[in-house]
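Observations on the three-dimensional arrangement
Next come the chains, spelled out residue by residue.
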Amino acid sequence: GSRRGAAAAGAWTGADLAAWQMWYEESLDGRLAPQGRRDMEHLARRLAARFPALFAARRRLVLASSSKHRCLQSGAAFRRGLGPSLSLGSDEVEVEVNDSLMRFFDHCAKFVALVEENDTAMCQVNAFKEGPEMRKVLEKVASALCLPVEELNADLVQVAFLACSYELAIKNVTSPWCSLFSEEDAKVLEYLNDLKQYWKRGYGYDINSRSSCILFQDIFQHLDKAVEESKSSKPISSPLIVQVGHAETLQPLLALMGFFKDDEPLKANNYVRQMHRKFRSGRIVPYAANLVFVLYHCDQVKTSKEEYQVQMLLNEKLMFFHHSNETISTYADLKDYYKDILENCHFKEECALPKVNITAVDEL
């Protein structure tokens, strides 16, 4: 019967898992995996092939990075991928560490207090962990491992799922851990992760994306400067600016710009309704995720407004702008569409802790 089938599958899984060697060591923590290094080198090569004028020999490259070792490593790998012509000797381009831009979330007191360190902020995530969909996954995994279901919880199952994902991503092998999960289980665990990203880095709370306005404005300052230099026929002082951060840097920025926004929020109880959601963090910020702003100077245009145009690429695919539904926009129209964020999003004010809460806490 089915019971025996489950037990047999369990025995098979059990034997394979018993033989599984733990390869992940403490020393690897926070480091860039060899595959990550290759990913960054290849990304650099593809971008250089796509924008040969920008990556032409002797063009100045500005490299900024978060202080995290894997980001510095990513920056170095990206530069290596460009070959000797750009990195004029391998250490010519020094990496500028800029955590206020690349880890703005650490410097935003309101985000840290109200989201990062506030247990109630993740209530939807915690509710989903206890919900019927996760319960079903727990029961299946427990049965496959011949364990009482009480000995498992959502976090442990998530760790097993991550072990499966990491081995696939880093070593390109199918881990025995993967055999614990069906495709449906994987979709449930994907939703669990998306829920977390949504409430911590996405549309869940305004401060998540508002904290990124410092980076958003920085990007437009660089573009503004290039436009000014171009208008006054000066050489572009920084034709190529590469900033290396985290998935947690990019996700809030994309939310600030209004991309991948669903009609209804992601919640613990609407897993089925969110089957076709836009907010899928695995697609939006996969490994080696990248967002590129490309500024064009166009000759032979009818109006001066059309002289400067912009494209955005996410993970090397052109994005459709919200205001035009096109993949290209005049720089003026783009700035106009985001006028409010460019003018009225003030990092210091937005990230200040509301005084009210502080007094309330003092009174307790």
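See the structure shown above.
Residues numbered from 1 in each chain as written. Predicted model: local features only at pLDDT ≥ 70, side-chain atom pairs only at ≥ 80, totals over all residues. Heavy atoms only, no water.

1. Considerations on the overall build of the chain
Along the chain, the regular secondary structure elements total 17 helices and seven strands. Considered along the principal axes of its C-alpha atoms, the chain spans approximately 80 × 55 × 40 Å. Here the chain, with 364 residues, has 42% of them falling under the buried criterion. Taking the contacts inside the chain whose residues are at least 6 apart along the sequence as the reference set, 70% of them involve residues at least 24 apart. With an accessible surface of roughly 20000 Å², the chain has 53% of that area assigned to carbon and sulfur atoms. (Helix = DSSP H or I, 4+ residues; strand = E, 2+ residues; numbered from the N terminus. Buried < 20%, exposed > 50% of the residue type's maximum accessible area, 1.4 Å probe, protein only. Contact = heavy atoms within 4.5 Å. Areas by Shrake-Rupley, 256 points an atom, 1.4 Å probe, with all protein chains shown as cover.)

2. Re the side chain of asparagine 290
Here asparagine 290 lies in the loop between helix 13 (281-284) and strand 4 (291-297). Within the structure, asparagine 290 has its side chain in polar contact with the backbone oxygen of alanine 288 (distance 3.1 Å). Ignoring sequence-local partners within four residues, the contact set of asparagine 290 consists of Leu43, Leu250, Leu313, Leu314, Asn315 and Glu316. (Polar contact = N/O pair within 3.5 Å; in protein donor to acceptor, adjacent residues only side chain to side chain.)

3. Notes on the packing of aromatic side chains
Evaluated as defined, the whole model comprises 16 aromatic pairs. Measuring from ring centre to ring centre gives 5.3 Å for phenylalanine 161 and phenylalanine 181, while their planes differ by 80°; the resulting arrangement is edge-to-face. Residue phenylalanine 161 is found in helix 8 (residues 154-171), and its partner phenylalanine 181 is found in the loop between helix 8 and helix 9 (183-201); the two are separated by 20 residues along the sequence. Relative to tyrosine 338, the ring of tyrosine 337 lies with its centre 4.8 Å away and its plane at 75°, an arrangement referred to as edge-to-face. For tyrosine 338, a relative accessible area of 4% puts it in the buried group. Through a chain of ring-to-ring contacts, three or more aromatic side chains come together here, namely Phe216, Phe220, Phe293, Tyr331, Tyr337 and Tyr338. When the ring centre of phenylalanine 105 is taken as reference, the NZ or CZ atom of arginine 201 above it lies at 4.7 Å. (Phe/Tyr/Trp six-rings, centres within 6.5 Å; stacked < 30°, edge-to-face > 60°. Lys NZ or Arg CZ within 6 Å of the ring centre and 35° of its normal.)

Remember that the coordinates give geometry; whether it matters functionally is a separate question.
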